[in-house]
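Reading the structure
What follows is each chain in one-letter form.
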Amino acid sequence: QSALTQPASVSGSPGQSITISCTGTSSDVGAYNHVSWYQQHPGKAPKLMIYDVNNRASGVSYRFSGSKSGSTASLSISGLQAEDEADYYCSSYTRSSTWVFGGGTKLTVL
Amino acid sequence: EVQLLESGGGFVQPGGSLRLSCATSGFTFSNYAMNWVRQAPGKGLEWVSTISDSAVYIYYADSVKGRFTVSRDNSKNTLYLHMNSLRAEDTAVYYCAKEIRNTNWGPGYWGQGTLVTVSS
């Protein structure tokens with residue numbers, strides 16, 4: 001199972017909006033709505049932000065939203081804040097009854 | 001409050017074995033599927049295994065199939081990962097994670113992880 005494709009890095013200024021893409025195949029992202037997004041700060045455990053494409057996890061800011069079109073999912077963050085600077089990973093369920101992650105995207109808040 | 005506490009990590013030689021544990025509290029462990037996910041130093045996340053609430057359904061990544069065994073003791077609220085024939089590429093922080101919800105067994109709430117180092 002190949003990893004999902006994410007951009008290595010994205011950046012934005014405080015207050016701006018950014019979008020991170022996550023491209024899979026018809027065997028994972030394109031086949032199921034079990035797409036999740038995780039935030040990971042350095043030295044910390046990942047934190048679930050979005051699940052089932054567009055559902056915010058408990059306590060997650062409304063500034064975070066998810067979507068999907070075909071085999072590509074996206075995470076959008078509006079009103080960027082310094083605390084949003086972190087690594088972000090997407091994940092999807094697959095036809096093999098396994099889970100696959102993206103390679104991760106480093107978000108820099110300028 | 002949900003708590004997941006991994007233990008059992010350490011230094012092991014190639015070909016060796018190790019057993020990781022994930023002690024849980026704050027939720028009814030026997031009602032939830034659980035996952036193991038690992039992260040090599042400086043690298044991304046890699047799903048390792050999922051076990052259903054009653055251990056009827058168990059799934060593994062191809063990279064560990066035949067070498068790793070996931071199990072659980074619902075009476076002790078504890079998840080395990082038995083790792084055999086360890087390789088250098090198994091070096092990683094290993095996280096246990098509770099399912100997201102009953103219709104989505106993927107990693108939801110994560111523990112803080114335990115580091116496994118495989119080296120001669």
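As a reminder, the structure under discussion sits directly above these lines.
The following paragraphs examine the structure supplied in this document. It should be emphasised that the depicted structure is a prediction, and the values quoted were computed from it without experimental measurement.

The rules we used
Residues numbered from 1 in each chain as written. Chains lettered and ligands numbered in written order. Predicted model: local features only at pLDDT ≥ 70, side-chain atom pairs only at ≥ 80, totals over all residues. Heavy atoms only, no water. Salt bridge = Lys/Arg side-chain N within 4 Å of Asp/Glu carboxyl O. Helix = DSSP H or I, 4+ residues; strand = E, 2+ residues; numbered from the N terminus. Buried < 20%, exposed > 50% of the residue type's maximum accessible area, 1.4 Å probe, protein only. Phe/Tyr/Trp six-rings, centres within 6.5 Å; stacked < 30°, edge-to-face > 60°. Lys NZ or Arg CZ within 6 Å of the ring centre and 35° of its normal. Disulfide = S-S within 2.5 Å. Pairing = 2+ DSSP bridges. Axes fitted to C-alpha atoms, helices over the stretch in contact; angles between N-to-C directions. Contact = heavy atoms within 4.5 Å.

**Section: the pattern of salt bridges**
All names here are of chain B.
- Per the stated rule, a full pass over the model turns up 5 salt bridges over all chains.
- For Asp90, the salt bridge is made with Arg38, and the minimal N-O distance between the two is 2.9 Å. Residue Asp90 is found in the loop between strand 8 (78–83) and strand 9 (92–101), and its partner Arg38 is found in strand 4 (residues 34–39); the two are separated by 52 residues along the sequence. In terms of burial, Asp90 and Arg38 fall into one category: buried.
- Between Asp90 and Arg67 there is a salt bridge, with the nearest N and O atoms lying 2.7 Å from each other. Of this pair, Asp90 sits in the loop between strand 8 and strand 9 while Arg67 sits in the loop between strand 6 (58–60) and strand 7 (68–73), and the two are 23 residues apart along the sequence. Across this residue pair, the class does not change: Asp90 and Arg67 are buried.
- A cluster of three or more residues bridged by salt bridges with shared partners is formed by Arg38, Glu46, Arg67 and Asp90.

**Thoughts on the packing of aromatic side chains**
Residues and elements named next belong to chain B.
- Tallied over the entire structure, the rule returns 10 aromatic pairs over all chains.
- On the numbers, 6.2 Å between centres and 50° between planes, the contact of Tyr57 with Trp105 is tilted. Remark: Trp105 occurs in strand 10 (residues 104–110) and Tyr57 occurs in the loop between strand 5 (45–51) and strand 6; sequence separation between them is 48 residues.
- For Trp105, a relative accessible area of 26% translates into the label partly exposed.
- Directly above the ring of Phe27 sits Lys98, whose terminal nitrogen or CZ lies 5.5 Å from the centroid.

**A short note on the state of the cysteines**
- Applying the stated criterion to the full structure yields 2 disulfides over all chains.
- One disulfide bridge connects Cys22 of chain A with Cys90 of chain A, the sulfur atoms lying 2.0 Å from each other. The disulfide joining Cys22 of chain A to Cys90 of chain A has a torsion of about 80° about its S-S bond and is therefore right-handed. Pair noted here: Cys22 of chain A is in strand 2 (residues 18–23) and Cys90 of chain A is in strand 8 (residues 86–93), with a separation of 68 residues, a long-range link. Pair check on accessibility: Cys22 of chain A and Cys90 of chain A agree, each one buried.
- Here Cys22 of chain B connects covalently by a disulfide to Cys96 of chain B, the sulfurs 2.0 Å from one another.

**Some words on the sheet that holds strand 1 (residues 3–7) of chain B**
All names here are of chain B.
- One open sheet accounts for 4 strands, arranged 1-3-8-7; its pairing is antiparallel. Taken across any chain shown, the strands that pair with only one partner, and hence form the sheet edges, are strand 1 and strand 7. On average, adjacent strands in this sheet sit at an angle of 15° to one another, irrespective of strand direction.
- Both strand 1 and strand 3 (residues 18–25) contribute to a ladder of 5 bridges, which runs antiparallel. The residue of strand 3 that forms the bridge with Glu6 is Cys22.

**Side note on the environment of Asn77 of chain B**
All names here are of chain B.
- In this structure, Asn77 sits in the loop between strand 7 and strand 8.
- Between the C-alpha atom of Asn77 and that of Ala88, which follows or precedes it by 11 residues, the distance is 30 Å.
- Excluding residues that lie within four positions of it along the chain, Asn77 makes contacts with Cys22, Ala23, Thr24 and Phe29.

**With respect to the side chain of Ser49 of chain B**
- Take Ser49 of chain B: it is sitting in strand 5.
- With sequence-adjacent residues up to four places away left out, Ser49 of chain B is seen in contact with Met34, Asn35, Trp36, Tyr59, Tyr60 and Val70 of chain B.

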